[in-house]
Amino acid sequence: MPKSLSWLNRAADFSKLPTNSAGVLASLLLFLCIPLVAKADITSLTLQSPQLSKSGTTALLSPIHVQATAEDTSTVTGYVVYMDNLNVFQNSRPSVDAWIVIPSGKHTLSITASDAKSNTSTAVYSINITGFAPPTPPSQADRLLAIDNGTFTVDNNPSVGGLCNHGSLGTFSHSTDPNTGNLPSFDGKGQHFVVTSGCAYDDSLFYRKYESPTRFNGFTNFLWDFWFYIPTSTKTSTVQALEFDVFQAVPFSDGVHEFVFGTQCNYVTNHWEFWLPQGSNLKWVDTGISACQFATGTWHHATYFLQRVTPSGYQQIPNSFSSSTDGNTSLRYGTLTIDGKTTYLGGVAWSTIPSPAWTAVLGVQHQLDSSVSGIVIDEYLDESTLLSW
């Protein structure tokens, strides 16, 4: 018994107190003792990943895979992960399993567990982000495989952009350019996107989408991996931009939100541009990341890591996803890997609410934009996969 209560017990002589007073004092003692017995306690907070030093600074690649569990005499209700005292991940689950995109440099990483009795426990580490690499998706990730072997839609509507639109699908197999014997998959199947420009700025969109009322709604992490090839017949000086996008539509309480992870190589500036907020609108914003004009006559390997996040930029994972519990109404550009070189992106944009006719979908798209008329731009696509979790 705590010292203060022991003193009170010795000092009290119940036989000398009036009956009612003794009863009140006994009730008070019982009230004081209850919290000491029933108070929950987080007995441990264990970090399974990454392996971090408790005393020094650990060098890591970003995004980092954070896995943690807490032991408690009550029920663990959730976790918050902080980077330099800023919330970068939050959930309402008994454990943490998160991929967190962190910029380069030294940071303080802390993980706080909470329980049903409002107890908390925090572990603090020092880390140094020295580079970047795409994440390893979990075994249970949803897999859209061989996207390039399916049917793509050619969108030549004026809303695509440009002054005219003359896109088409060409024959994929080719004996020399590209040499199908050197394809990443060796299966001889894929897509061939073509724009035969009828004006200086001829734009066409090529997309494949997957529709499902519920299959993709709870996913907040996306890993898009594909190979593409620009033949030597396509001259760099004739290209305005090459665009690569992931899109998702998710039902929320206020309607279906459309997320467009839009990226393009602006050949004129030789810089990457992303579909980001600029003022009150979403526009192509120059990131300053260069160079991006792709060598012709060779296959290029691209990997995007993208996330749905809250408007504040962190992921919020509820105990179970629904249109009312999902708070991830914005999108984050995580990392981009081109031919083995991974670059941190980090931009955050908001989603839009399209017409009521939209349903839940997930898909990818490519767009070719010309800079002069009377030329042909080709792009070949192979081994395209999209993993979501």
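Residues numbered from 1 in each chain as written. Predicted model: local features only at pLDDT ≥ 70, side-chain atom pairs only at ≥ 80, totals over all residues. Heavy atoms only, no water.

1. Quick word on the environment of threonine 234
How we decide: Elements are defined by DSSP. Helices are runs of H or I of four residues or more, strands are runs of E of two residues or more, and each kind is numbered from the N terminus. In this scheme, a residue with accessible area under 20% of its type's maximum is buried, one over 50% is exposed, and one in between is partly exposed, where area comes from a 1.4 Å probe on protein chains only. Note on contacts: a residue pair is in contact if any heavy atoms of the two residues lie within 4.5 Å. Polar contact is the term for a pair of N or O atoms within 3.5 Å; when the atoms are in protein, one must be able to donate a hydrogen and the other to accept it, and sequence-neighboring residues count only if both atoms are side-chain atoms.
Mapped onto the fold, threonine 234 is located in the loop between strand S14 (221–229) and strand S15 (239–252). Take threonine 234: its relative accessible area is 3%, and that puts it in the buried class. Sequence separation between threonine 234 and glutamate 379 is 145 residues, and the spatial gap between their C-alpha atoms is 8.7 Å. Aside from chain neighbours lying at most four places away, what touches threonine 234 is Val239, Thr296, Val376, Ile377 and Asp378. Of the polar contacts made by the side chain of threonine 234, one reaches the backbone nitrogen of aspartate 378; its length is 3.0 Å.

2. Details of the layout of surface pockets
Over the atoms a probe the size of a water molecule is rolled, and this reveals where empty space is left. How we decide: Here a cavity means grid points, on a 1 Å grid over the protein atoms only, where a 1.4 Å probe fits yet cannot get out; a pocket means an open set of points with protein on both sides within 12 Å along at least five of seven lines; lining residues are those with an atom within 4 Å of a point. Grid points are joined across faces, edges and corners, and a volume is the space filled by probe spheres set on the points. Residues are grouped as follows: nonpolar covers Ala, Val, Leu, Ile, Met, Phe, Trp, Tyr, Cys and Pro; charged covers Asp, Glu, Lys and Arg; every other residue, Gly included, is treated as polar.
What the largest pocket holds in volume is close to 770 Å³. Residue lining of the largest pocket: 37 residues in total, with Leu205, Glu243, Glu258, Val260 and Gln365 positioned closest to the centre. Mapped by element, the contributors of at least two residues to the lining of the largest pocket are strand S13 (203–211), S15, strand S16 (255–266), strand S17 (271–278), strand S18 (281–286), strand S23 (348–350) and strand S24 (361–370). In terms of residue count, the dominant contributor to the lining of the largest pocket is S16 (six residues). The residue makeup of the lining of the largest pocket, split by class, is 16 nonpolar, twelve polar and nine charged. For the second largest pocket, the calculated volume is near 400 Å³. For the second largest pocket, the lining is made up of 22 residues, of which Arg93, Asp97, Gln140, Asn221 and Trp389 are closest to its centre.

3. Regarding the packing of aromatic side chains
Inclusion rule: Any pair of Phe, Tyr and Trp rings, taking the six-membered ring for Trp, is counted once the centres come within 6.5 Å. Such a pair is stacked with planes under 30 degrees apart, edge-to-face with planes over 60 apart, and tilted for the rest. Criterion for a charge above a ring: Arg CZ or Lys NZ at most 6 Å from the ring centre, at most 35 degrees from the ring normal.
Scanning the model with the defined rule gives 23 aromatic pairs in all. Judged by centre distance (6.3 Å) and plane angle (15°), the rings of phenylalanine 226 and tyrosine 304 are stacked. Linking phenylalanine 226 in strand S14 with tyrosine 304 in strand S19 (residues 299–309), this pair joins segments that are 78 residues apart in sequence. The class for phenylalanine 226 is buried, based on a relative accessible area of 0%. Judged by centre distance (6.3 Å) and plane angle (80°), the ring pair of phenylalanine 244 and phenylalanine 294 falls under edge-to-face. Here phenylalanine 294 lies in the loop between S18 and S19 and phenylalanine 244 lies in strand S15, a separation of 50 residues in the sequence. The exposure classification of phenylalanine 244 matches that of phenylalanine 294, with both residues buried. Taken together, Trp224, Phe226, Phe228, Phe244, Trp272, Phe294 and Tyr304 form an aromatic cluster joined through their ring pairs. Residue placement shows arginine 308 over the ring face of phenylalanine 259; its charged tip is 5.3 Å from the ring centre.

All quantities given are derived from atomic positions and should not be read as evidence of function.
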